[in-house]
Amino acid sequence: PQNDNIQVFIRDRLFPRSEAKVSVFDSSVQGGDAVWEGLRVYPEGVVCLDKHLTRLHESAKTLAFVDIPSKEFIKDAIKQTLDANGMTDDTHIRLTLTRGEKITSGMDPRLNQNGSCLIVLAEWKILVYDNDHGIKVISTSQRRNSPQFLDSKIHHNNLLNNIIAKIQANVAGKDAGLMLDDRGFVAELNGSNVFMVKDGKVYTPFAHACLPGITRNSVMEMCNKEGIALVEADISLSQFYNGDGVFATGTMGELTPIVEIDGRSIPKNNTLQQRIIKRYEKEVRMLCEKL
Ligand code: PMP
């Protein structure tokens, strides 16, 4: 299937791709002033739909958006979009909520008089990462935002620090950029969370300077259910280099082994890591919610 002729939901109705546009006065153009979610669609439904909508709502409330569409409205918009495109599998949804169209250019939210603007963009996309081979990463000089500067719990469209980290990874010929927090501990990759397996325990950074990822949360809950020791901790780069296994988590790549960090190779076949990855492949279908 191609994405050339897809229908996109904007504000209150569907538009063909060629007409799917927002105004140059939109807050996202004027100041990157928007929040977003990436969701995965399986025949069983949308993975962790309610958790994604809660994170979107909480991000929009933190940024004092007005006229935020209800969860029911957004679910209906997603359903209309998937139905119009005949999408039931292999689909990624990019949900965006902007502060809306401004009466004149500028950053002041008082210029937004028409309420927020919902965009539901559903595209045919397979999972990005190759679980058989894993990904190679470098640590970047770009620090991840900490709550002192911009709360990492807001899932906003100011993606520039992640984009700079990704550019550094591109220049180095690697798959993703590993970002440290303002104290030098590991935070996350430019677009996914990270975990480390060491001596039979699973570690992940505190969510102070990483997005509290929904896949991260599912993996933590799965470990608790399975009786696998799971610890949130400050983790240094040296500890990551010496992990028995390291993996990334996120909606677009699910669970992906990290096989190299800054030229140090990381074992890929750790038994506990393999068990977690295999278990999640089954679990993800059970985390789906019907629209
Ligand atoms: N960190 C960042 C910076 C991200 O953009 C994403 C993707 N939304 C994630 C982590 C993974 O989050 P999730 O598991 O909710 O997709």
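So, how was this worked out
Residues numbered from 1 in each chain as written. Predicted model: local features only at pLDDT ≥ 70, side-chain atom pairs only at ≥ 80, totals over all residues. Helix = DSSP H or I, 4+ residues; strand = E, 2+ residues; numbered from the N terminus. Rg over C-alpha atoms; globule rule 2.2 N^0.38 Å. Buried ≥ 20, exposed ≤ 12 C-beta atoms within 10 Å, placed from the backbone. Contact = placed C-beta atoms within 7 Å. Domains from an automatic or database assignment. Nonpolar A, V, L, I, M, F, W, Y, C, P; charged D, E, K, R; others polar. Pairing = 2+ DSSP bridges. Axes fitted to C-alpha atoms, helices over the stretch in contact; angles between N-to-C directions. Expected span 1.5 Å × (residues − 1). Core = buried A, V, L, I, M, F, W, Y, C linked by C-beta atoms within 7 Å. Near = placed C-beta within 6 Å.

Enquirer: Which residues make up the overall build of the protein, and what values do they have?
Expert: Counting its regular elements, the protein contains 7 helices and 16 strands. Taken against the 2.2 N^0.38 rule, which gives 19 Å for 291 residues, the C-alpha radius of gyration of the protein at 19 Å falls within 12% of a compact globule. Principal-axis analysis of the C-alpha atoms gives the protein an extent of 55 × 40 × 35 Å. Counting all 291 residues of the protein, 42% fall into the buried class. Across the protein, the fraction of contacts at a sequence separation of at least 24, relative to all contacts at a separation of at least 6, is 70%.

Enquirer: An account of the domain arrangement of the protein is needed here, citing residue identities and associated values.
Expert: Domains assigned within the protein are domain 1 (7–124) and domain 2 (135–285). Taken over C-alpha atoms, the centre of domain 1 sits 26 Å from the centre of domain 2. Every contact between the two is made by 20 residues of domain 1 and, on the other side, 12 residues of domain 2. In terms of residue count, the dominant contributor to the side of domain 1 that touches domain 2 is strand E3 (residues 34–42) (8 residues). For the side of domain 1 that touches domain 2, the class distribution of residues is 8 nonpolar, 7 polar and 5 charged.

Enquirer: So what about the sheet that holds strand E2 (residues 13–16)? Which residues, and what values?
Expert: In spatial order, the strands read E2-E1-E6-E5-E3-E4-E16; together these 7 strands make up an open sheet with antiparallel pairing. Strands at the two margins of the open sheet, each flanked by one partner only, are E2 and strand E16 (288–289). Pairing of strand E1 (residues 7–10) with strand E6 (residues 117–124) involves 2 bridges; the strand directions are antiparallel. The residue of E6 that forms the bridge with Ile10 is Ile119. Contacting E3, strand E4 (45–47), strand E5 (91–98) and E16, helix H2 (residues 49–62) crosses the sheet at an angle of about 175 degrees to E3.

Enquirer: I'd like to hear about helix H5 (residues 214–226), residue by residue, with values.
Expert: Here H5 is 13 residues long and its end C-alpha atoms lie 18 Å apart, about the 18 Å a rise of 1.5 Å per residue gives. Looking at H5, one finds that the buried residues are Ile214, Thr215, Arg216, Ser218, Val219, Met220 and Cys223. Residue Gly227 follows H5 closely and has a positive phi angle near 75 degrees.

Enquirer: Break down the nonpolar core for me, citing the residues and quoting the values.
Expert: The biggest cluster of nonpolar side chains holds 34 residues, and the ones touching the most others in it are Val137, Val246 and Ile258. Setting aside residues up to four positions removed in sequence, Ile258 forms contacts with Gly134, Ile135, Val137, Val246, Phe247, Ala248 and Ile266. With 31 residues, the next largest nonpolar core counts Ile6, Ala34, Val46 and Leu95 among its residues.

Enquirer: Could you give me a rundown of the environment of Arg285, with the residues and numbers involved?
Expert: On the secondary structure map, Arg285 appears in helix H7 (residues 271–286). Remark: the alpha-carbon pair of Arg285 and Glu37, spanning 248 residues in sequence, is separated by 19 Å.

Enquirer: Tell me about the site of the ligand, and name the residues and values.
Expert: Taken together, 14 residues lie near the ligand, and Gly213, Ile214, Thr215, Gly250 and Thr251 sit nearest. Listing elements by their share of the shell around the ligand, those giving two or more residues are H5 and strand E13 (245–250). Among the elements that make up the shell around the ligand, the one with the highest residue count is H5 (3 residues). Classifying every residue of the shell around the ligand by side-chain character gives 2 nonpolar, 10 polar and 2 charged.

Enquirer: If you had to explain the pairing of E5 to someone new, which residues and values would you point to?
Expert: Of the pairings in the sheet, the one linking E3 to E5 comprises 8 bridges and is antiparallel in character. Bridged to Arg40 within E5 is His92. As paired strands, E5 and E6 are joined by 8 bridges and run antiparallel to one another. The partner of Leu97 across the bridge, within E6, is Leu118.

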